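Residue-level structural notes
Okay, here's what each chain looks like letter by letter:
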Amino acid sequence: MLVAADLMRSDKVVLKWLTDTKDIMALVGGIMSVVQPELFTIGRQALEQLVNHKDDLLPTQAEELLEVLEQWWAPFNGITVISNRQTPLHRDLGGRPGWSDLLVALGKYQHGRFELPGLGLIYRYNPGTMICFAGSAFEHGANCNGDRACIAFYMKDNIMKRLGLPIADWLNVGEYQSGEGAVQ
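Criteria and cut-off values
Residues numbered from 1 in each chain as written. Predicted model: local features only at pLDDT ≥ 70, side-chain atom pairs only at ≥ 80, totals over all residues. Heavy atoms only, no water. Salt bridge = Lys/Arg side-chain N within 4 Å of Asp/Glu carboxyl O. Helix = DSSP H or I, 4+ residues; strand = E, 2+ residues; numbered from the N terminus. Buried < 20%, exposed > 50% of the residue type's maximum accessible area, 1.4 Å probe, protein only. Expected span 1.5 Å × (residues − 1). Arc of directions from axis to C-beta. Contact = heavy atoms within 4.5 Å. Polar contact = N/O pair within 3.5 Å; in protein donor to acceptor, adjacent residues only side chain to side chain.

**With respect to the pattern of salt bridges**
Applying the stated criterion across every chain, the model contains three salt bridges. One salt bridge in this structure joins Lys16 and Asp20, with 2.7 Å as the shortest N-O distance. Linking Lys16 with Asp20, this pair stays in helix α1 (residues 13-20), spanning four residues, or about one helical turn. The exposed category is assigned to Asp20, whose relative accessible area is 52%. For Asp157, the salt bridge goes to Arg96, with nearest N and O atoms at 2.9 Å. Highlighted residues: Asp157 in helix α6 (residues 157-163) and Arg96 in the loop between β2 (87-90) and β3 (101-116), separated in sequence by 61 residues. Asp157 sits in the buried class, given a relative accessible area of 11%.

Below, the structure written as structure tokens:
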């Protein structure tokens, strides 16, 4: 397991970006704690293990990893920023079919569209939109004309396996059923 080269840039621009976006990262974590609580918990456990066992897991990059983790507020172990490009229909690699990804649309454009053709769904995808779905399970794509960015948050299976963490399963409505009046 290696710390991504972009995170190790000598100008620390990525670390500054992580610091500047900590509020949105915390919001993303809050959303995930509601949408898929089991995955949120496992994601937080992964981050804690990386902090507590960095020397064993990454002996040659332990200090660099700790510097990144001190600014990493999201419960996901992967983030990609997509800027000013169309995203053709695809399935994401590296995750598990039952794991939710979360996309945040940003920019200055109108009439953006996000498509899940296997489900027959097309959503309005304008700036400020957040979409949570299983990106490894469902083919998806976005079409937006204008100044656009997307922050994609996701989990990588190889990291979870390396840390020996349990594998979160598909979202289950039973996780939301408790107390009086719950569906039996």
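**Some thoughts on helix α3 (residues 37-52)**
Taking 1.5 Å per residue as the helical rise, α3 with its 16 residues ought to reach 22 Å, and the 22 Å between its terminal C-alpha atoms agrees with that figure. Among all positions of α3, only Leu39, Ile42, Gly43, Ala46, Leu47 and Leu50 are buried. Projected down its long axis, α3 shows its buried positions confined to an angular sector of 140°, all on one face.

**A few points about the environment of Gln86**
Looking at the element boundaries, Gln86 is found in the loop between β1 (78-83) and β2. The spatial distance from the C-alpha of Gln86 to the C-alpha of Ala142 is 6.3 Å, given a sequence separation of 56 residues. When near neighbours in sequence (up to four residues on either side) are disregarded, Gln86 contacts Ala142, Asn143, Cys144 and Asn145. There is a polar contact of 2.7 Å between the side chain of Gln86 and the backbone oxygen of Cys144.

Keep in mind that these numbers describe shape and distance, not what the molecule does.
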